[in-house]
Amino acid sequence: MALKQLDHVRWLLDKDFKAGMRVTGLIYGDSYIIQNLEKEGALEQIANVACLPGILKHSYAMPDVHWGYGFPIGGVAAFSMDDGIISPGGVGYDISCGVRVMLTFLDQDEMKPHIDELTAAIFTKVPCGVGSKGAIKIGESDLLDVLANGALWAVKKGYGTKEDLECIEERGRLPHADASYVSKKALERGKPQLGTLGSGNHFLEIQVIDEIYDENAARRFGLNLGQVTVMIHCGSRGLGHQVCDDYIKVMLRAMNKYGISVPDRQLCCAPLKSEEAKQYLGAMQAAANYALANREIIGHLVREVFGDFFPKSDLKLLYDVSHNMAHIEKHEVEGKQIDVCVHRKGATRAFPPGHPSLPEKYRQVGQPVIIPGSMGTESYILVGTKRGMEECFASTCHGAGRVLSRKAAMKSEKADTILKRLEDRGIKVMAETMGTVREEIPEAYKDVSRVVDVVEKAGISRKVARLRPLAVIKG
Amino acid sequence: MPWKELPHTADAGLEIEAGSAEGLVLESAKALYYFMFGDFFALKPDGEDVVRIESLDLLELFVSWLNELLYTYDVKERIFYPKDVSVDLQKMRLSVNGSLCIAPKPVRAIKAVTYGCAKITTEPTWKFRVYLDL
């Protein structure tokens, strides 16, 4: 047993697990999660991250952790600005992949008679699937504006509201984005894909709030039992994938230049003070702005469809947060408030009550954290906590986390029986390809309730509400 | 088929074998496309293209090659089928002339070809193991 149990949900991976570890690993999980973790390569990946220069405190793994590439999915690592690094592999290919939740003023009974038609209308309106092209056409100057201004661009063009911007992390725009560091190839891939959902685990869901755990936080967030919500999960599409690929090549060369060696090439990196890091940060933030604009546009398309069915409907954005990002943030390390670079790869930022970067309306209660479940299972709204801020750089889980490979999932059940099973539970599913439905069967994932119970027991975030799916759109 | 799919919790891997570097370029392209589209071999070409790649080493050369194919699909909506492959192992350069074919509807999406746990060996045969971000 490589892990030392600290309490019922915390496990320590000691530095002697692997030569070169600079810090210990801190893993959040119950016995089931830890058993699954030990079966695959994620433990090795947590240790590999712990070997990176300038890492602070621990290499963290959230309870939805699983084997990724380079960093584990569910991995969090913060690096010193003085002697630390930034790694494109610590952010991932889908830069700023994230989730938003929009609140309707409808209850389940009002929605029920329209759910099939409304879902079909959204499926038609929001392009999804591999290589899907956007519902809006933009030229290169607009694309550069998107990369500079993110969701602010979308709002200026009428794809969203000013009120939305308050409820998107970083107010919908990462200020240090620099499109001059984004390659022509990335621009080419991004231009036709703005306003598209993509495929794989990306989805759009219509849900209903079926449980409230924290009345006070729910009231602050505007969540009511029986209320219909819309959840959108997508990212920066081909543009983000290309930025990551481009900068992995840059970092491979930078490692030679700066004399850095890493246990896995996907962890290639450059010192945060280097020119290469500056360029990657600029390009990564530009890709993140693309993702923020993408989700804002899709949200606008959803509003249009709801408007067709419910002319008086008004969907309010609860929050929009990424779970594949590196942010420069202020945190306390060894008693001092310092800037650090926090990589969250399949992990969600979760700022506590009082954090200055939160919108005024959430500042007293803390940041809404959105945790999507697997297809056909519940999702959760959590809230950030002081303990999470102090212990794990204001981070928490990002979803259920896979336990079954896609290959195994594909073999397990036919698409029509999966659809029937979900329909029997009152969940309508529309998908661009049936292969996605088979790969994304609920059993391919951990039980999301178990995952959020761990982060709540650990005190690094707290449950506010549970959302049950009514309809799912998959790419 | 000289390739097989490797299991991965969230994503997928491919292991491809060939008798030479040039053969591995061709077979790795076929493996990637087979993964994305299923049987694509009956497609008819509607254009020509050239891909040139320079790299630090063999692993980067082959990962870059497959990522180039994803870029071509994303931007041109085409499969690039290699006809003429030249690998310069001294200078780590790859040059491929090939046909462009209209891509069928994909059955599975690939975001990117990663370096995570990727490996290339040249003895006794050329073998390339790579994991895909889906």
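Since we're looking at a predicted model, the values are computed, not measured.

## Re the interface of chain B and chain A
Item 1. Taken together, the contacts link 29 residues of chain B with 35 residues of chain A.
Item 2. Elements supplying a minimum of two residues to the side of chain B that touches chain A: β1 (3-7), α2 (58-76) and β8 (126-133) of chain B.
Item 3. Looking at the side of chain B that touches chain A, the element that brings in the most residues is α2(B), giving 6 residues.
Item 4. For the side of chain B that touches chain A, the residue count by class is 16 nonpolar, 5 polar and 8 charged.

## Points about the sheet that holds strand β4 (residues 78-88) of chain B
Residues and elements named next belong to chain B.
Item 1. As summarised here, the arrangement of the 3 strands in space is β3-β5-β4, forming an open sheet in which the pairing is antiparallel. This sheet does not close on itself; its edge strands, each paired only once, are β3 (45-54) and β4. On average, adjacent strands in this sheet sit at an angle of 20° to one another, irrespective of strand direction.
Item 2. Strand contacts of helix α1 (residues 21-37): β4 and β5 (93-102), with the helix running at about 165° to β4, the strand carrying the most contacts.
Item 3. α2 contacts β3, β4 and β5 of the sheet and is inclined by roughly 150° relative to β4.

## Observations regarding the confidence of the model for chain B
Item 1. For chain B, mean pLDDT is 93; residues scoring 70 or higher make up 99% of the total.
Item 2. With a pTM of 0.95, the predicted complex shows an ipTM of 0.93.

## Topic: the nonpolar core
Item 1. One finds I86(A), V243(A), C269(A), M284(A), A287(A) and L382(A) to be the most contacted residues of the largest nonpolar core, which totals 213 residues.
Item 2. The contacts of V243(A), once residues within four sequence positions are left out, are I95(A), V182(A), A186(A), A283(A), M284(A) and A287(A).

## Remarks on the packing of helix α10 (residues 237-258) of chain A against helix α11 (residues 275-309) of chain A
Residue and element names in this part refer to chain A.
Item 1. As a packed pair, α10 and α11 sit with axes 10 Å apart at the nearest point and diverge in direction by 170°. Between α10 and α11, the interaxial angle falls into the category roughly antiparallel. Taking contact as the criterion, the partners of R237, L239, G240, V243, Y247, V250, M251 and A254 in α10 are, on α11, E276, Q279, Y280, A283, M284, A287, Y290, A291 and N294.
Item 2. By residue class, the composition of the contact of α10 with α11 is 12 nonpolar, 3 polar and 2 charged.

## Side note on the packing of α1(B) against α2(B)
Residue and element names in this part refer to chain B.
Item 1. The N-to-C vectors of α1 and α2 enclose an angle of 45°; their axes lie 10 Å apart at closest approach. Accordingly, the angle class assigned to the pair α1 and α2 is oblique. In this structure, α1 meets α2 at a crossing whose hand is right-handed. On the side of α1, the interface is formed by V25, S28, A29 and L32, while α2 contributes F62, W65, L66 and L69.
Item 2. A breakdown of the residues in the contact of α1 with α2 according to their chemical character gives 7 nonpolar, 1 polar and no charged.

## With respect to the pairing of strand β18 (residues 428-431) of chain A
Residue and element names in this part refer to chain A.
Item 1. Only one face of β18 is buried: it carries V429 and A431, and the other face, with K428 and M430, is open.
Item 2. Examined bridge by bridge, β18 and strand β19 (residues 461-474) share 4 bridges and lie parallel to one another. Bridge pairing in β19 places K428 opposite A471.

## Points about the sheet that holds strand β1 (residues 3-5) of chain A
All names here are of chain A.
Item 1. With mixed pairing, 7 strands are arranged side by side in an open sheet as β1-β2-β3-β4-β5-β13-β12. Looking at which strands have only one partner, the edges of the open sheet turn out to be β1 and β12 (324-333). With strand direction ignored, the average angle separating the axes of adjacent strands in the sheet is 30°.
Item 2. As defined by bridge partners, strand β2 (residues 10-13) adjoins strand β3 (residues 24-28) across 4 bridges and the pair is classed as antiparallel. Of the residues in β3, the one forming a bridge with W11 is I27.
Item 3. With respect to the sheet, helix α16 (residues 448-458) is in contact with β2, β3 and β4 (55-69), its orientation differing from that of β4 by roughly 160°.

## Regarding unusual backbone geometry
Item 1. For the peptide bond that leads from E123(B) to P124(B), omega is -5°, which places it in the cis range.
Item 2. Position of P124(B) among the secondary structure elements: in the loop between β7 (119-121) and β8.
Item 3. In this structure, A394(A) is a non-glycine residue whose phi angle is positive, near 55°.
Item 4. Summarising the element assignment, A394(A) is placed in the loop between α12 (386-392) and β17 (395-396).
Item 5. Overall, the presence of 30 C-beta atoms within 10 Å leaves A394(A) in the buried class.
Item 6. We note that M92(B) has phi near 55°; this positive angle belongs to a residue other than glycine.
Item 7. Tracing the backbone shows M92(B) in the loop between β4 and β5.

Procedures and definitions
Residues numbered from 1 in each chain as written. Chains lettered and ligands numbered in written order. Predicted model: local features only at pLDDT ≥ 70, side-chain atom pairs only at ≥ 80, totals over all residues. Contact = placed C-beta atoms within 7 Å. Helix = DSSP H or I, 4+ residues; strand = E, 2+ residues; numbered from the N terminus. Nonpolar A, V, L, I, M, F, W, Y, C, P; charged D, E, K, R; others polar. Pairing = 2+ DSSP bridges. Axes fitted to C-alpha atoms, helices over the stretch in contact; angles between N-to-C directions. pLDDT = per-residue confidence, 0-100. Core = buried A, V, L, I, M, F, W, Y, C linked by C-beta atoms within 7 Å. Buried ≥ 20, exposed ≤ 12 C-beta atoms within 10 Å, placed from the backbone. Parallel < 35°, antiparallel > 145°, perpendicular 65-115°, else oblique. Left-handed = near helix turned anticlockwise from the far one by under 90°.

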